[in-house]
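Below are the chains, spelled out letter by letter.
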Amino acid sequence: MEYLKITGETNLSGEVKISGAKNAALPLIASTILAKNEISICNMPNVVDINTLLKLIDKLGGTFKKEEDCIKVNTSSLNKTTATYDIVKTMRASILVLGPILSRFGHCEVSLPGGCAIGQRPVDLHLKALEAMGAQIKINHGYIEATAPNGLKGAKIVFDKVTVGGTENTVMAAALAEGITTIVNAAKEPEVQQLCEVIKNAGVLIEGIGTDTLIIHGTNGELLDFKDFDVIPDRIEAGTYLCAAAITNSKLKITNVMPLHLEAVTSKLEEMNFEIIQDETSITVIPTDEIKPVNIVTSEYPGFPTDMQAQFMALATQANGTSTIDERLFENRFMHVSELLRLGADIHLNGNIATINGASGTLNGTDVMATDLRASSALVLSALVANGETAIHRIYHLDRGYEDLEGKLSNIGAKVARFKE
Ligand code: EPZ
């Protein structure tokens, strides 16, 4: 296993180019199952989760070719319908092939994703939506077995909770269904919006994109004619580097971003007393005399993203005062707290609310363990300001979602290196 060693108390400077969004690219790759043609997708992040999904496409009988940051995916030869345990256990987002495979082939089997480090994460809402569209679903020997012998039919689906993956799976299933599907209380995340736009450009009428009601006019089994496209920039990678600037109180410019997608994040940085300068595709953080504490409640887009909660907790350890973070989406997304305590942070947990006392501000480098993707990035951020060396173990979590983390950090002046245990 590999680990990162970071020597802290560095000042960062320069620019970071943000990669394509992992969480947009995953459903977009799954959506190619609905296509009759080869599709070229560019601005594709080079991260492990993307490679895992491409491996699944390959196992299902599709093909892909990589050329720099583009991939050409062709699923016309796809002839298998089972996402097996060996893949799903390494990446829950494999569930995203359920909707498109079921709507194209009339049946699909996906290993039931288990719990994970941030919570139980059931997929009941995905399954209920597909059942409302006429699917019959059984859980058998740890597999979701879905069949729709007469095809999927448009239906009205009311989600009782906003679900990103559930909305994406339903949109993909509805694209080839017979008739109109209405999704009420749909997710509005930019990643969901891009999926809808791409499917719309492939010939499916979708109304209400970017709102909480989506109306999808299915093609009744006719495969789609996709256009080539670029993946949107990764707002969470961008937010993480904005926090790298803030925690080290450095001037840093983040490029290849869509500032609109980051408003909840940049407004919290402003509340913490950082000046933020933006143009159409970049954001610059300007250092401050005093980092102020902040109160954060995570919520669905356009609210403050749960995927930025851990990074802001690291930042709050440097604030002059007491901050609070209220995690509302996942029941167990505070695994980073005990690791931050090992670095000397003063954090108290009460249920889903963390109180961070930033007054002392000093973190001391030591060995810490990454537990999930965003928790790991909080440890990297903390290590940038901790005195001495911090060794971050189990960094395979970081490799799942941050492209060339060491390269990008080294370019802006961080002292970071990767070693084998
Ligand atoms: C997506 O996960 C992201 N993953 C997550 O990013 C992100 O944290 C999350 O959305 C919330 O923004 C991808 O896009 C691949 P949800 P997803 O369904 O779709 C509950 C990262 O670090 N729920 O919106 O799985 C669920 O337990 C990852 O990049 C049900 O109860 O999230 C949670 O409490 C981690 N039943 C809430 O809804 C269901 O059937 C929101 O989950 C589905 C979800």
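Residues numbered from 1 in each chain as written. Predicted model: local features only at pLDDT ≥ 70, side-chain atom pairs only at ≥ 80, totals over all residues. Heavy atoms only, no water.

A. Up close: the overall build of the chain. Of the regular secondary structure elements, the chain holds 14 helices and 24 strands. Its C-alpha atoms give the chain a radius of gyration of 22 Å, near enough to 22 Å, the size a compact globule of 421 residues would have. Projecting the C-alpha coordinates of the chain onto the three principal axes gives extents of approximately 65 × 45 × 40 Å. For the chain, contacts bridging at least 24 residues in sequence account for 73% of all contacts bridging at least 6. Of the roughly 16300 Å² that the chain leaves accessible, carbon and sulfur atoms contribute 48%. (Helix = DSSP H or I, 4+ residues; strand = E, 2+ residues; numbered from the N terminus. Rg over C-alpha atoms; globule rule 2.2 N^0.38 Å. Contact = heavy atoms within 4.5 Å. Areas by Shrake-Rupley, 256 points an atom, 1.4 Å probe, with all protein chains shown as cover.)

B. Here's a closer look at the sheet that holds strand β18 (residues 295-297). Here we have four strands laid out as an open sheet, ordered β18-β19-β21-β20, and mixed in their pairing. Either end of the sheet is taken by a strand with one partner, and the two such strands are β18 and β20 (346-350). When strand polarity is set aside, the average angle formed by the axes of neighbouring strands in this sheet is 15°. Bridge count between β18 and strand β19 (residues 322-326): three bridges; the pairing is parallel. Residue pairing for β19: Ile 296 is matched across the bridge by Ile 325. (Pairing = 2+ DSSP bridges. Axes fitted to C-alpha atoms, helices over the stretch in contact; angles between N-to-C directions.)

C. Molecular detail of the site of the ligand. Not every one of the 22 residues close to the ligand is listed here, only the nearest: Leu 125, Thr 163, Asp 307, Leu 329 and Arg 374. Between Lys 161 and the ligand, the recorded distance is 3.5 Å, taken from a side-chain N or O atom to an oxygen atom. Within the side chain of Arg 333, an N or O atom sits 3.3 Å from an oxygen atom of the ligand. Protein burial of the ligand: of its 830 Å² of free accessible surface, 88% is covered by the chains. Where the shell around the ligand is concerned, the elements lending two or more residues are α1 (22-31), α5 (124-132), α6 (164-175) and α12 (373-385). (Near = heavy atom within 4 Å. Polar contact = N/O pair within 3.5 Å; in protein donor to acceptor, adjacent residues only side chain to side chain.)

D. Region of interest: the nonpolar core. Counting residues in each nonpolar core, the largest one holds 76 residues, and the members touching the most others are Val 97, Leu 98, Ile 199, Ile 206, Leu 214 and Leu 224. The dominant element in this core, judged by the number of residues it contributes, is α1, at six residues. For Ile 206, the residues in contact, after removing those within four places along its chain, are Val 171, Cys 196, Ile 199, Lys 200, Leu 214, Ile 215 and Ile 216. With 67 residues, the next largest nonpolar core counts Ile 18, Cys 243, Ile 291 and Phe 304 among its residues. (Core = buried A, V, L, I, M, F, W, Y, C linked by side-chain atoms within 4.5 Å. Buried < 20%, exposed > 50% of the residue type's maximum accessible area, 1.4 Å probe, protein only.)

E. Expanded view of the packing of aromatic side chains. All chains considered together, the criterion is met by two aromatic pairs. Ring geometry for Phe 304 and Phe 312: centres 5.1 Å apart, planes at 90°, overall edge-to-face. You'll find Phe 304 and Phe 312 in the same group, each marked buried. The ring of Phe 419 has Lys 5 lying over it, and the distance from NZ or CZ to the ring centre is 5.0 Å. (Phe/Tyr/Trp six-rings, centres within 6.5 Å; stacked < 30°, edge-to-face > 60°. Lys NZ or Arg CZ within 6 Å of the ring centre and 35° of its normal.)

F. Representation of the packing of helix α11 (residues 335-342) against α12. Viewed as axis vectors pointing N to C, α11 and α12 meet at an angle of 20°, and their least axial separation amounts to 9 Å. Between α11 and α12, the crossing angle belongs to the class labelled roughly parallel. In this structure, α11 meets α12 at a crossing whose hand is right-handed. Here α11 contributes His 336, Glu 339 and Leu 340 to the contact with α12, which in turn contributes Ala 375, Ala 378, Leu 379 and Ser 382. Grouping the constituent residues of the contact of α11 with α12 by class yields four nonpolar, two polar and one charged. (Parallel < 35°, antiparallel > 145°, perpendicular 65-115°, else oblique. Left-handed = near helix turned anticlockwise from the far one by under 90°. Nonpolar A, V, L, I, M, F, W, Y, C, P; charged D, E, K, R; others polar.)

G. Representation of the packing of α5 against α6 within the structure. α6 packs onto α5 with a crossing angle of 25° between their chain directions and a minimal axis gap of 8 Å. Taken as axis vectors, α5 and α6 run roughly parallel relative to one another. Crossing hand, α5 versus α6: right-handed. Note on element contacts: α6 touches α5 through Gly 165, Gly 166, Asn 169, Thr 170 and Ala 173, opposite His 126, Ala 129 and Leu 130. Looking at side-chain class alone, the contact of α5 with α6 contains three nonpolar, five polar and no charged residues.

H. Representation of empty space enclosed by the protein. With the rule as written, the count across this model stands at three cavities of 30 Å³ or more. Each pocket or cavity is described by its volume, and for the largest cavity that value is around 50 Å³. Contributing to the lining of the largest cavity are Thr 240, Tyr 241, Ala 244, Ser 377, Val 380, Leu 381, Leu 384, Tyr 402, Leu 405 and Leu 409. Listed by contribution, the elements that provide at least two residues to the lining of the largest cavity are α8 (235-247), α12 and α14 (405-411). (1 Å grid on protein atoms, 1.4 Å probe; cavity = no way out; pocket = protein on both sides within 12 Å on 5 of 7 lines; lining within 4 Å. Points joined across faces, edges and corners; volume = space filled by probe spheres on them.)

I. Highlighting helix α9 (residues 263-271). Of the positions making up α9, those classed as buried are Ala 264, Val 265, Thr 266, Lys 268 and Leu 269. Tucked inside the fold, the buried residues of α9 contact α8, β16 (275-278), β17 (283-286), β18 and α10 (309-316). Of the residues trailing α9, Asn 273 is marked for its positive phi of about 90°.

J. Looking closely at the pairing of β16. Note that β16 and β17 share four bridges and pair antiparallel. Residue Gln 278 lies in a different strand from β17, and its bridge partner there is Ile 283. Between the antiparallel neighbours β16 and β17 lie four residues.

K. Geometry of the pairing of strand β9 (residues 143-147). Alternating positions in β9 separate cleanly, Ile 144 and Ala 146 being buried on one face and Tyr 143, Glu 145 and Thr 147 remaining unburied on the opposite face. With five bridges joining them, strand β7 (residues 107-111) and β9 adopt antiparallel strand pairing. Bridged to His 107 within β9 is Thr 147. Two elements, strand β8 (residues 136-140) and β9, share five bridges in a ladder whose sense is antiparallel. Its bridge partner being in β9, Ile 137 is matched across the sheet by Ala 146. Turn length for the β8-β9 hairpin, with the two strands adjacent in sequence and antiparallel, is two residues, and the turn residue His 141 shows positive phi of about 50°.

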